[in-house]
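# Remarks on the overall topology
The residues making up each chain are set out below.
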Protein chains: 4
Amino acid sequence: MSRLSVALLGAGFIGQVHAQNLANHPGVAFKAVYDVDPARSAATAAKFGAAPIREVEEIWADDGIDAVLIASATNTHADLLTQAASAGKAVFCEKPIDLDYQTAAKAVDAAAQAGIPVMIDFCRRFDDSYAAIHRAIQSGEVGQIETAQFIARGPALPPLEYLAVSGGQQRDQNVHYFDLLRWLTGVEPVEVFAYGSALADPRVAEIGDVDTSVTVLKLENGALATIEAVRRSAYGYDERIELTGSKQMIEAARQRDGWVNHYGVGSVRSNGLDTEWLPRLIRTFPRALDEFVTAVSEGRPPSATPADGLRAQRIADAATQSLATGSPVAIPAD
Amino acid sequence: MSRLSVALLGAGFIGQVHAQNLANHPGVAFKAVYDVDPARSAATAAKFGAAPIREVEEIWADDGIDAVLIASATNTHADLLTQAASAGKAVFCEKPIDLDYQTAAKAVDAAAQAGIPVMIDFCRRFDDSYAAIHRAIQSGEVGQIETAQFIARGPALPPLEYLAVSGGQQRDQNVHYFDLLRWLTGVEPVEVFAYGSALADPRVAEIGDVDTSVTVLKLENGALATIEAVRRSAYGYDERIELTGSKQMIEAARQRDGWVNHYGVGSVRSNGLDTEWLPRLIRTFPRALDEFVTAVSEGRPPSATPADGLRAQRIADAATQSLATGSPVAIPAD
Amino acid sequence: MSRLSVALLGAGFIGQVHAQNLANHPGVAFKAVYDVDPARSAATAAKFGAAPIREVEEIWADDGIDAVLIASATNTHADLLTQAASAGKAVFCEKPIDLDYQTAAKAVDAAAQAGIPVMIDFCRRFDDSYAAIHRAIQSGEVGQIETAQFIARGPALPPLEYLAVSGGQQRDQNVHYFDLLRWLTGVEPVEVFAYGSALADPRVAEIGDVDTSVTVLKLENGALATIEAVRRSAYGYDERIELTGSKQMIEAARQRDGWVNHYGVGSVRSNGLDTEWLPRLIRTFPRALDEFVTAVSEGRPPSATPADGLRAQRIADAATQSLATGSPVAIPAD
Amino acid sequence: MSRLSVALLGAGFIGQVHAQNLANHPGVAFKAVYDVDPARSAATAAKFGAAPIREVEEIWADDGIDAVLIASATNTHADLLTQAASAGKAVFCEKPIDLDYQTAAKAVDAAAQAGIPVMIDFCRRFDDSYAAIHRAIQSGEVGQIETAQFIARGPALPPLEYLAVSGGQQRDQNVHYFDLLRWLTGVEPVEVFAYGSALADPRVAEIGDVDTSVTVLKLENGALATIEAVRRSAYGYDERIELTGSKQMIEAARQRDGWVNHYGVGSVRSNGLDTEWLPRLIRTFPRALDEFVTAVSEGRPPSATPADGLRAQRIADAATQSLATGSPVAIPAD
């Protein structure tokens, strides 16, 4: 099999993670790097033996490039996806496609018209634990899903400037769990209600966001889901999932960062959680990339499609509206 | 110290548990047993060396009785409490005081007027784990509470006849967690929203109840709580609590019923959960009784007062209303 | 079924535990208490409604007594067992029968000649975890046993006066694990080697004993066992067992005394171990008693026979000899 | 700082692991690969951009090479180490230096005379858990070490041809734990006793080896250690350590290969252990390499010296002798 020639668009924090994975993947020829900052393009390209690109149009024009990995600023995703559609390049795209649903939907439509393969980077689908839960549910051993619980507690409040343009906690943090909920259960949520507070920093409220929220969802079969999301936990990065079914409860337990126990009088001290989110998720990115490469080579849709991206966004929009109105909000079906 | 002379009112399932604890408590003289079924009175009295009573008035008239433990049918609690108030007996009362808030409030008022000591059997306050969490929060080590999570999954659907008169899942099952929430955090919830479904048995919906619910509450300081309650789990009796604070997360982990691990190829098989709720909670009852006896002897209010009982009921009523209306409901402050 | 009439011989610390269990057992009529200290006899008898006995001969002469529970000082066990044999009473006997093997064997022989039922209180056979391991091994799921590991760490050094007459760590502490090893595996050990040190207190060495030891045993089928025994651990009472078989490893994990976890930055603090041995084993005694009562009523040998007691003692003697000589010692087969 | 130029000697299984780590280490220039099989040299060199070497003498003669990593067959280690000493190259050497102690000692002596930096690949010193235990003991929080327990259970019997030249279980498998014991406790063992059996395959006995053993050691301060080593476990690769001290017990718990729990009626099924040894230890190799590179650059001895290698070998020789003679064997102090 010939390798997939890939250009990286965006060489910031998450772009660097993708760059390393592109370089490591045996099925990928990591050809080019584009970033708005030419110095960053150059440095990243040099590190991985790729070509630095000054104008993104060069990539669209290059027949030697099969695919692009969009890891640039959020507000450029939809435009780049649309351009890639015109150029006939396959796309691996960081979420979200756009904070505005209509803009995102338009870009997705362009991609669909062009028939290019597109995958959204819902990397948690490739977490070992979550993938195991998915397999278990698919196998039938869990039975009909009845409840789903997601705990998502981040280690620190992101900078306020970031929060101000993030779309809010539902779109920025919970969108991952909206996707997981749909993917794991195979059932669509039909209504959502959320409570939120700014407990970590009152300035979060001033910019119209929350840092602590509980979101509950009713699924079309009556199953019920809850997501507790916290931006700044006191104790590290904590992700935990449990789903009950008619036959079994299945849990992706919180993960300690080691296996050492100190037994003293009256208590045992053990390893804690990761202090950052990246160590918890770092192994999901190469697997997500591998799914993209494999799906393209096999000519089948990848695990996380643009339609999945739009659905998660619909739910995040409804949850955001619930936070604003204080009432439950129906999730549009389209 | 002289012992507290106690009469047991009601000798059914939970009455038997209390009878054994009354007999075991060194500070209690277990004097008399009353039940609507004279045969049951007689058998229980004989087993524990107490006197069987045919008419409850005999107890009110007996100066040798200091206190009564009300464990009879729910719809008799308020009346018996009111009678005990008239007779000046201390009361340890199974929850709820009455399914109707006004009826309950009136009985509580009578008790307050009479100045009798009254304790509501919120036995979970005496669970080892929950008591440890309470102490930890009181000590300040957890910091300001930000979120609270309660999982309550019962092993089997109660009989439909029971459910029909139970007041619904919020009043019957969640009321314990409403009390725990207030007691552990020391903060009042101000609004509640709930989703519910009948997933275990569609007949539950026919009687206007749910068997699976998620309930979210906003506390007056902005903290957020969730309760996932399931009547029939696939895997046993499961109670679990976790609270995050500004300094620490504290967890009462789910409890396995043993410590044996079988290591095989690719997996480990370990003990599961209790199959019934009683083994999980059996040790809380004698401690609750001990708190009552100690509080009466020290002339101080016991841990769980009638006011606590009414507050929990207020929240349960609001949550029930939310289930019915599909909207969040403010919890009356009085 | 009529109840078994039992007299308690010895009302000290462990005698009190047995007294409570005799009183609680529905198949036992707790008739009489004998102790060398008449005041102790009287107090214990009064507490449980039994008769205080001044001379043990009264018990042998009383046709209304079916069985005796020997919980007196170790150096009286063999004599009391022999007397009980003459009197035709069934015997539940605290271990060891005697610190001297020949003396013990003679008493066992007398009991065998008389045909009385005798059970040795190897209470750990009735620990939930160990019983589960026994069942698993019996069922075949573990396969052929290949290794066995016993950890036994006590919370505090016993008084030196106790140690001086205890027979040494092998006879006093390890004898339980020698019995468990035989019972769990169903295979006889044929040779033993032990290292020991006095690390907790040098005076332990002065009285010819050790407080810390590792003992290794070769079983007749080539399986290997190790026992690490510590008199004074820094962190509580710790018992742990793991056995590997040709199909599975099975473990009785160390037991925490609760289920609360505190998550802080970088570490989790959890419940520790019991601080004393009794909480860990308290539930084994009534079950051992129940086995005795049931075996007597069914006319079958109880789980732990005098022959089992002698075998464990043979091994303890050999291990003691190994400590003294610094060489492995063959365990006599008889 | 300029990078350390390294040549790899030996490109077999473990050589491939080292090759990848040499290529990844930012402080290493991976210059050359030598293997007895020229095709293997060529392939490995090509993969990592190094030069394939036909005669090892070329490496000794090349002033551009600072160090060699010896990962060739065991019986070539001592000779290569001696040659490296003559050539003045730093050496990172797979264990053992030689199965024969005198041969190993002679090579170590040559290295010492030449003054070259040498590190033995006792990679477990760089395991996260073991390093944490080392730090804890060094910090004093564990107190005086009193007992040490090592469990080492491999997933499968190595090929008999391998076992025949391995030096036996003590030299091949336990040597790692002899080193850990010395390194963690900082105390020398003075005597050793071992039992061993061939339980996995009787042919192991025919070649004079064992596949299952328990080894006990007495340390110079009276502390006691045990090592249970199994070649073929029924359930995966299992390493576990626990040490008790006068203040604390510290444990490197066995590691599950994931965090998913399935709760069913009466039991919970969880992830098992690794199925091979490499996943458990893979992260130790780059850290060991890093220690070598750092030590060389700082001009200080690395963590695991040739003297450490010889000490571990002395203990393994004594343990082997104990297996052969059935008696405890004193460990020579030199």
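So, on to the interface of chain A and chain C. Interface extent is often summarised as the accessible area lost during association of the parts. The partner chain C presents 15 residues to the 15 residues of chain A that form the contact. Taken over both partners, the interface formed by chain A and chain C buries close to 1300 Å², and the fraction arising from carbon and sulfur atoms is 55%. If you sort the residues of chain A by the area they bury against chain C, Tyr235(A), Tyr263(A) and Val268(A) come out on top, with a joint share of 39%. Along the contact surface separating chain A from chain C lie 0 salt bridges. Only strand 13 (260–264) and strand 14 (267–271) of chain A provide two or more residues apiece to the side of chain A that touches chain C. Of the residues forming the side of chain A that touches chain C, the biggest block, 5 residues, is contributed by strand 14 of chain A. Of the residues in the side of chain A that touches chain C, the class split is 6 nonpolar, 6 polar and 3 charged. By the bridge criterion, 5 bridges tie strand 14 of chain A to strand 14 (residues 267–271) of chain C in an arrangement that is antiparallel.

Before going further, it helps to spend a moment on the relation of the copies chain A and chain B. Rotating chain A by 180 degrees about the axis while translating it 0.0 Å along that axis superimposes it on chain B, leaving an RMSD of 0.0 Å. Read as a symmetry element, the transformation amounts to a two-fold axis. Measuring from the rotation axis to each C-alpha of chain A, the shortest distance belongs to Ser327(A), at 3.1 Å. When the interface residues of chain A are mapped onto chain B, 100% of them again fall at the interface, so both copies present the same face.

As a further point, take the domain arrangement of chain A. All names here are of chain A. On domain assignment, one finds that chain A holds domain 1 (4–116) and domain 2 (127–283 + 312–330). Taking only C-alpha atoms into account, the centre of domain 1 sits 28 Å from that of domain 2. The partner domain 2 presents 13 residues to the 11 residues of domain 1 that form the contact. Contact between domain 1 and domain 2 buries roughly 860 Å² in total, counting both sides, with carbon and sulfur atoms accounting for 61%. Among the residues of domain 1 in contact with domain 2, Lys95, Leu99 and Tyr101 are the three that bury the most area, contributing 65% of the side total.

A word on unusual backbone geometry. Look at the link from Lys95(A) to Pro96(A): it is a cis peptide, with omega at -10 degrees. Its location among the elements puts Pro96(A) in the loop between strand 5 (90–93) and helix 5 (101–114).

What follows is about the packing of helix 1 (residues 13–24) of chain B against helix 11 (residues 284–298) of chain B. Residues and elements named next belong to chain B. Relative orientation of the contacting elements helix 1 and helix 11 amounts to 60 degrees, with a least axis distance of 10 Å. One way to sum up the angle between helix 1 and helix 11 is to call them oblique. For the pair helix 1 and helix 11, the sense of crossing is right-handed. Counted together, Ile14, Val17, His18, Asn21 and Leu22 of helix 1 and Phe285, Pro286 and Leu289 of helix 11 form the full contact between these two elements. Counted by class, the contact of helix 1 with helix 11 contains 6 nonpolar, 2 polar and no charged residues.

So, about the sheet that holds strand 2 (residues 28–34) of chain A. All names here are of chain A. Within the open sheet, the 6 strands sit side by side as 3-2-1-4-5-6. Their pairing is parallel. Strands at the two margins of the open sheet, each flanked by one partner only, are strand 3 (51–53) and strand 6 (118–120). The sheet shows a mean angle of 20 degrees between the axes of neighbouring strands, taken without regard to direction. Direction of pairing for strand 1 (residues 4–9) relative to strand 4 (residues 67–70): parallel, over a ladder of 4 bridges.

So, on to the interface of chain A and chain B. Facing the 42 residues of chain A at the interface are 42 residues of chain B. Across the chain A to chain B interface the summed buried area is about 3200 Å²; carbon plus sulfur atoms make up 57%. A per-residue breakdown of the area chain A buries against chain B is headed by Glu146(A), Tyr195(A) and Leu224(A), which together make up 19% of the total. The interface formed by chain A and chain B holds 10 salt bridges in total. Across the pair Arg153(B) and Glu242(A) runs a salt bridge, and its minimum N-O distance is 2.7 Å. Taken together, the residues that form the side of chain A that touches chain B break down as 15 nonpolar, 15 polar and 12 charged.

Residues and elements named next belong to chain C. Spatial ordering of the open sheet is given by 3-2-1-4-5-6, a layout of 6 strands whose pairing is parallel. Both edges of this open sheet fall to strand 3 (51–53) and strand 6 (118–120), since each of them pairs with a single strand only. In this sheet, adjacent strand axes meet at a mean angle of 20 degrees when their direction is disregarded. Those strands touched by helix 1 (residues 13–24) are strand 1 (4–9), strand 2 (28–34), strand 4 (67–70) and strand 5 (90–93), and its axis lies near 165 degrees from that of strand 1.

Our focus in this paragraph is helix 4 (residues 77–87) of chain A. Residues and elements named next belong to chain A. Those residues of helix 4 lying buried are His77, Ala78, Leu80, Leu81, Ala84 and Ala85. Around the axis of helix 4, the buried residues are gathered within 165 degrees of arc, so they sit on the same side. Phi for Gly88, located one or two positions after helix 4, is positive at around 75 degrees.

Taken as a whole and judged by the stated rule, the model has 100 salt bridges over all chains. A salt bridge links Arg182(B) to Asp308(B), with the shortest nitrogen-to-oxygen separation between them at 3.2 Å. Residue Arg182(B) is located in helix 8 (residues 169–185), and its partner Asp308(B) is located in helix 12 (residues 306–325); the two are separated by 126 residues in the primary sequence. Each member of the pair, Arg182(B) as well as Asp308(B), carries the same accessibility label: buried. The partner of Glu188(D) in a salt bridge is Arg311(D), and the shortest N-O contact between them spans 3.5 Å. Taken together, the positions of Glu188(D) in the loop between helix 8 (169–185) and strand 8 (189–197) and Arg311(D) in helix 12 (residues 306–325) put the pair 123 residues apart, joining distant regions of the chain.

Mapping chain A onto chain C is achieved by rotating through 180 degrees and translating by 0.0 Å along the same axis, at an RMSD of 0.0 Å. By residue overlap, the copies meet face to face through one surface: 100% of the interface positions of chain A are interface positions in chain C.

This paragraph deals with the environment of Glu55(C). Considering the arrangement of structural elements, one finds Glu55(C) in the loop between strand 3 and helix 3 (56–61). Glu55(C) sits in the partly exposed class, given a relative accessible area of 47%.

In this structure the tally under the stated criterion is 32 aromatic pairs over all chains. Where Phe13(C) meets Trp277(C), the ring centres are 6.2 Å apart and the plane angle is 70 degrees; that geometry is what we call edge-to-face. In this pair, Phe13(C) is assigned in helix 1 and Trp277(C) in helix 10 (residues 277–281), connecting sequence segments 264 residues apart. With a relative accessible area of 31%, Trp277(C) lands in the partly exposed category. Consider the rings of Phe193(C) and Tyr195(C), whose centres lie 4.9 Å apart with planes at 85 degrees: the pair is edge-to-face. Residue classification places Tyr195(C) among the buried residues on the basis of a relative accessible area of 5%. Three or more aromatic residues joined by ring pairs form one cluster here, namely Phe193(A), Tyr195(A), Phe193(B) and Tyr195(B).

Take helix 8 (residues 169–185) of chain A next. Residues and elements named next belong to chain A. The terminal C-alpha atoms of helix 8, which comprises 17 residues, lie 23 Å apart, in line with the 24 Å expected from a rise of 1.5 Å per residue. Along helix 8, the largest kink reaches about 55 degrees and is centred on Val175. Taken across its 17 residues, helix 8 has 16 buried, putting it largely inside the fold. Looking one or two residues past helix 8, Gly186 carries a phi angle of roughly 70 degrees, positive in sign.

Residues and elements named next belong to chain B. Both faces of strand 5 (residues 90–93) are covered, namely the face carrying Ala90 and Phe92 and the face carrying Val91 and Cys93. As paired elements, strand 4 (residues 67–70) and strand 5 share 4 bridges and run parallel to each other. Residue pairing in the sheet places Val68 in a bridge with Val91 of strand 5. Each parallel crossover has a hand, and the one from strand 4 via helix 4 (residues 77–87) to strand 5 is right-handed. With helix 5 (residues 101–114) bridging strand 5 and the parallel strand 6 (residues 118–120), this β-α-β connection has right-handed handedness.

Cut-offs applied
Residues numbered from 1 in each chain as written. Chains lettered and ligands numbered in written order. Predicted model: local features only at pLDDT ≥ 70, side-chain atom pairs only at ≥ 80, totals over all residues. Heavy atoms only, no water. Contact = heavy atoms within 4.5 Å. Buried area = accessible area lost by both parts, 1.4 Å probe. Salt bridge = Lys/Arg side-chain N within 4 Å of Asp/Glu carboxyl O. Helix = DSSP H or I, 4+ residues; strand = E, 2+ residues; numbered from the N terminus. Nonpolar A, V, L, I, M, F, W, Y, C, P; charged D, E, K, R; others polar. Pairing = 2+ DSSP bridges. Least-squares fit on C-alpha atoms with pLDDT ≥ 70 in both. Domains from an automatic or database assignment. Axes fitted to C-alpha atoms, helices over the stretch in contact; angles between N-to-C directions. Parallel < 35°, antiparallel > 145°, perpendicular 65-115°, else oblique. Left-handed = near helix turned anticlockwise from the far one by under 90°. Buried < 20%, exposed > 50% of the residue type's maximum accessible area, 1.4 Å probe, protein only. Arc of directions from axis to C-beta. Phe/Tyr/Trp six-rings, centres within 6.5 Å; stacked < 30°, edge-to-face > 60°. Expected span 1.5 Å × (residues − 1). Bend = angle between axes of the 7 residues up to and from the residue. Right-handed = clockwise from strand over helix to strand, strands pointing away.

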